[in-house]
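One letter stands for each residue in the lines below.
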Amino acid sequence: MRYAGAGMLAGLAGVAVSGATAAVLRQRLSPPDAVAEAVIEVTPGPVALYLIHLVGRWDKPLLMAGVLAGLLVLSALAGLSARRGLWRGQLLFCAVAAVAVAAVVTRPGGDLADLAPVVLGALAWTSVLGYLAAVLGQRSAGSQTTGRDEVAGATGATRAEIGPPDSRRSFLTRVGVVGAGTLAVAVGGRLFGRRRSRVEEARARLRLPVSGGEVPEDAEVEVDGVTPWRVDNGDFYQIHTALAVPAIDVSTWRLRIHGMVRRELRLTYQDLLDRGLTEAWVTLACVSNPVGGELIGNAWWSGIRIADLLAEAGPAAGADAVLQTSEDGWTCGTPLAALTDDRDAMLALAMNGEPLPLEHGFPVRMVVPGLYGYVSATKWLVDLEVTRFDDISAYWTQRGWSAEGPVRTQSRIDVPRANHGVRAGDLRVAGVAWAQHTGIEKVEISLDGGPWTTTELGGVPSVDTWVQWSGTVQAEPGNHKVSVRATDRSGYTQTAVRRDVVPDGATGWHTIDFTAE
Ligand SMILES: Nc1nc2c(c(=O)[nH]1)N[C@H]1C(S)=C(S)[C@@H](COP(=O)(O)O)O[C@H]1N2
Ligand SMILES: [Mo]
């Protein structure tokens with residue numbers, strides 16, 4: 001047991017040392033973070049997305065807890081191995097460190113300095129294990145059997161039988177020394193890791209020339225339980241592969257626009273502000289939003305028109321794509337045409353009147369009406385390369401998702417809630433529908449497979465936002481189903497055919513069950 005304990009303490013000490021090193025070096029990820037992010041990456045795309053959507057915002061805490069639990073088990077094993085020779089335990093720690101090295105060097109945008117936390121952490125592992133095992137070694141040399149302490153513990157043998165009291169005392173002293181040291185290093189690392197809070201403070205001090213956005217008077221259908229037409233920043237869905245949200249210093253941030261252009265641009269945050277802001281309501285949607293899902297939100301965005309910036313750079317003939325890269329290395333490709341036509345494609349600096357929250361891409365992200373986020377909405381943007389689809393592959397397209405991702409026309413029932421009881425009689429049914437950059441023409445509902453009836457639509461400022469709708473059905477007492485379908489302004493009516501989110505968005509009608517009493 002003491003060997004296992006010594007191993008676990010050594011394991012914790014190494015994690016504290018590596019975490020503090022990463023924090024001091026201002027690295028985005030500590031080694032355990034890098035391992036967790038590598039786990040995300042080697043998990044097949046569709047499986048990862050299903051898991052993410054299954055556990056929601058708990059995905060990262062759960063994954064981190066899993067990585068740390070795994071490490072503790074391996075550390076205990078390293079401790080137990082050390083009983084039969086210190087080098088065995090140290091070798092096991094080195095093997096774990098090798099896995100961490102593999103995870104770290106495969107992170108995008110990394111350099112050699114990223115290995116420092118792993119190296120120092122591994123040194124802590126092996127030296128602390130040696131330090132603790134040294135005093136255990138004295139004792140087990142005096143024991144007759146190697147597994148003695150375990151057997152003694154299991155049979156309830158008295159303490160005196162375990163070993164000479166002085167060696168026990170020196171072991172406990174060393175445990176105290178290592179424990180205190182680990183705690184000090186962990187706390188120190190946290191203090192150094194205040195980068196994020198510094199960026200948060202700088203963000204709070206920013207005064208941008210933006211407005212808050214007026215929700216159109218008739219946008220809300222005024223039915224309790226319908227998602228608000230404007231989704232507050234704190235409620236807005238979040239999807240990203242980055243484990244640690246990048247904390248970017250506005251004063252050092254640069255955007256490079258290059259590739260097939262006449263003139264390469266390097267822009268600061270102030271350069272963007274100097275060009276003047278444009279503002280628009282745009283509904284952002286995730287391709288992995290299942291029918292009836294909640295990975296969609298509508299906000300007032302303020303930013304710089306991408307079309308104007310691209311015109312300054314001057315795209316070359318033959319270019320048809322813009323490859324974006326974020327600070328954390330994530331990539332996506334957007335049709336050049338969608339960024340140069342007259343839609344409000346922008347480099348957004350603000351969301352609902354305030355600087356972008358860190359989680360939503362601070363300081364600069366893309367927003368492109370009509371396209372799913374995975375092919376257009378790069379957060380923590382640092383690089384735009386004008387290129388050709390034939391020459392690139394981006395994060396999700398490498399994982400089996402379609403290279404182009406126009407948003408599919410969809411509708412969702414928010415009221416009544418699925419599987420809820422309601423009062424029989426006249427029943428209000430309401431929700432949202434969207435067909436970004438095409439516009440919603442009509443939303444219809446059907447009770448129990450009966451005829452489709454047209455609902456009333458809330459107002460919208462443009463074709464780039466979702467629309468609220470509401471209707472009434474006559475619900476006799478009993479179990480019912482209600483379905484919704486939307487028709488967009490191109491004349492397309494949603495198909496009933498249920499298709500999965502992979503590779504380019506789900507299709508099918510949202511249908512819910514409810515009971516009237
Ligand atoms: N850097 C980066 N940007 C990203 C992603 C990402 O994983 N990394 N995910 C994209 C996807 S799939 C979607 S749906 C939107 C979500 O934006 P939100 O989190 O602000 O709602 O961001 C996009 N931008
Ligand atoms: Mo997405």
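Up top is the structure these notes are about.
I will try to describe carefully the structure that is included in this document.

## Considerations on the sheet that holds strand E17 (residues 467–475)
Working step 1: Strand order in the open sheet formed by four strands is E11-E13-E17-E16, with antiparallel pairing between adjacent strands. Across the chains shown, the open sheet's two edge strands, defined by having one partner strand only, are strand E11 (410–415) and strand E16 (456–457).
Working step 2: Note that strand E13 (residues 425–434) and E17 share nine bridges and pair antiparallel. In the strand pairing of E17, Gly431 is matched with Trp469.

## Some details on helix H2 (residues 31–42)
Working step 1: Compared with an ideal rise of 1.5 Å per residue, which puts 12 residues at 16 Å, H2 spans 16 Å between its outermost C-alpha atoms and is within 8% of the ideal.
Working step 2: Among the 12 residues in H2, nine count as buried, and that is most of the element.
Working step 3: Here H2 has its buried residues at Pro31, Pro32, Asp33, Ala34, Val35, Ala36, Glu37, Ala38 and Ile40.

## Remarks on unusual backbone geometry
Glycine aside, residues mostly have negative phi, and peptide bonds are mostly found in the trans state.
Working step 1: Each neighbour pair has its own omega, and for Val415 with Pro416 the value is 0°, a cis peptide bond.
Working step 2: With respect to the secondary-structure elements, Pro416 resides in the loop between E11 and strand E12 (421–422).
Working step 3: Residue Val502 is joined to Pro503 through a cis peptide bond whose omega torsion reads 5°.
Working step 4: You can see Pro503 is positioned in the loop between strand E18 (478–488) and strand E19 (510–516).
Working step 5: With a phi angle near 60°, Asn419 is a residue other than glycine that sits in the positive phi range.
Working step 6: Mapping Asn419 onto the fold places it in the loop between E11 and E12.
Working step 7: The residue Asp448 is not glycine, and still its phi comes out positive at about 50°.
Working step 8: Within the secondary structure, Asp448 sits in the loop between strand E14 (440–447) and strand E15 (453–454).

## A look at the pairing of strand E4 (residues 296–305)
Working step 1: Counting buried positions along E4 gives nine out of 10 residues, so the element sits mostly inside the fold.
Working step 2: Looking at chain direction, strand E3 (residues 278–285) and E4 are connected through eight bridges and run antiparallel. Residue pairing for E4: Ala280 is matched across the bridge by Trp301.
Working step 3: Two elements, E4 and strand E7 (residues 346–351), share five bridges in a ladder whose sense is antiparallel. Residue pairing across strands places Gly303 opposite Ala348, the latter belonging to E7.

## Description of the state of the cysteines
Working step 1: Evaluation of the coordinates by the stated rule reveals zero disulfides.
Working step 2: No disulfide involves Cys332; its nearest neighbouring cysteine sulfur is the one of Cys286, lying 12 Å away.
Working step 3: Here Cys332 falls in the buried class, since its relative accessible area comes to 1%.

## Digging into the nonpolar core
Working step 1: Ile257, Leu272, Trp301 and Leu347 are the most contacted members of the largest nonpolar core, which totals 79 residues.
Working step 2: Each of domain 2 (233–399) and domain 3 (410–516) contributes no fewer than three residues to this core.
Working step 3: The contact partners of Leu272, leaving out residues within four places of it in the chain, are Trp253, Leu267, Ile304, Leu309, Leu347, Leu349 and Val364.
Working step 4: Residues Leu9, Ile40, Ala82 and Val135 belong to the second largest nonpolar core, which totals 36 residues.

## A closer look at the site of ligand 1
Working step 1: Tyr237, Thr241, His360, Arg365 and Lys379 are the nearest of the 19 residues found near ligand 1.
Working step 2: A distance of 2.6 Å separates an oxygen atom of ligand 1 from a polar backbone atom of Tyr237.
Working step 3: In this structure, Thr241 approaches ligand 1 through a main-chain N or O atom, which is 2.9 Å from an oxygen atom.
Working step 4: A molecule is said to occupy a pocket when more than half its atoms come within 2 Å of that pocket's grid points, and by this definition ligand 1 occupies the largest cavity.
Working step 5: Partitioned by chemical class, the residues of the shell around ligand 1 number nine nonpolar, seven polar and three charged.

## With respect to the packing of H2 against helix H5 (residues 86–105)
Working step 1: Here H2 crosses H5 at 70°, and the two axes come no closer than 8 Å. Classified by the angle between their axes, H2 and H5 sit roughly perpendicular to one another. Seen from H2, the contacting residues are Pro31, Ala34, Val35 and Ala38; seen from H5, they are Ala100, Ala103 and Val104.
Working step 2: Taken together, the residues of the contact of H2 with H5 break down into seven nonpolar, no polar and no charged.

## Section: empty space enclosed by the protein
Summary: where empty space remains is shown by rolling a probe the size of a single water molecule over the atoms.
Working step 1: Under the defined criterion, the tally for this structure stands at three cavities of 30 Å³ or more.
Working step 2: Taken as a whole, the largest cavity holds about 340 Å³ of empty space.
Working step 3: Lining the largest cavity are 26 residues, and of these Ile239, His240, Trp330, Gly373 and Lys379 lie nearest its centre.
Working step 4: In terms of residue class, the lining of the largest cavity is built from 15 nonpolar, eight polar and three charged.
Working step 5: Around the second largest cavity, the lining comprises 14 residues; the ones closest to its centre are Cys286, Asn289, Tyr372, Gln410 and Trp434.
Working step 6: Its residues placed into classes, the lining of the second largest cavity shows eight nonpolar, five polar and one charged.
Working step 7: When residues are assigned to domains, the lining of the second largest cavity turns out to be shared by domain 2 (233–399) and domain 3 (410–516), each giving three or more.

Criteria and cut-off values
- Sequence order as written defines residue numbering, which begins from 1 separately in each chain.
- Written order determines the labels here, with chains lettered from A and ligands numbered from 1.
- Local features in this predicted model are restricted to residues of pLDDT 70 or higher, and side-chain atom pairs are both shown and tallied only at a pLDDT of 80 or more, whereas totals for entire chains, interfaces and linings draw on every residue.
- Heavy atoms throughout the structure, all of them, feed into the side-chain values; hydrogens and water do not.
- Any two strands between which DSSP finds at least two bridges are classified as paired.
- What counts as a helix is a DSSP run of H or I of at least four residues, what counts as a strand is a run of E of at least two, and both are numbered from the N terminus.
- Expected span, for any helix, means 1.5 Å times one less than how many residues it has.
- Think of it in three bands: with a 1.4 Å probe and only protein chains considered, a residue is buried below 20% of the maximum accessible area for its type, exposed above 50%, and partly exposed in between.
- Throughout, a disulfide means two cysteine sulfur atoms within 2.5 Å of one another.
- For this analysis, a nonpolar core means a set of buried residues of the types Ala, Val, Leu, Ile, Met, Phe, Trp, Tyr and Cys, connected via side-chain atoms within 4.5 Å.
- Reported domain spans reflect what an automatic or database domain assignment gives.
- Contact definition: two residues touch when any of their heavy atoms are within 4.5 Å.
- A cutoff of 4 Å decides nearness: a residue is near a molecule or strand if any of its heavy atoms lies inside that distance of it.
- In protein, a polar contact means a hydrogen-donor-capable atom and an acceptor-capable atom, both N or O and within 3.5 Å, with residues adjacent in sequence counting only if both atoms are side-chain atoms; elsewhere, any N or O pair within 3.5 Å suffices.
- Any residue with an atom within 4 Å of a point lines the site, the site being either a cavity, points on a 1 Å grid over the protein atoms alone where a 1.4 Å probe fits but cannot get out, or a pocket, an open set with protein on both sides within 12 Å along at least 5 of 7 lines.
- Molecule-in-pocket calls rest on the fraction of atoms, with more than half required to lie within 2 Å of the cavity or pocket grid points.
- By the convention adopted, Pro, Cys, Tyr, Trp, Phe, Met, Ile, Leu, Val and Ala count as nonpolar, Lys, Arg, Asp and Glu as charged, and the other residues, Gly among them, as polar.
- Note on method: axes are straight lines fitted to C-alpha atoms, helices fitted across the in-contact stretch only, with angles between N-to-C directions ranging 0 to 180 degrees.
- Roughly parallel means an angle under 35 degrees; roughly antiparallel means over 145; roughly perpendicular covers 65 to 115; every other angle is labelled oblique.
- Grid points are joined across faces, edges and corners, and a volume is the space filled by probe spheres set on the points.

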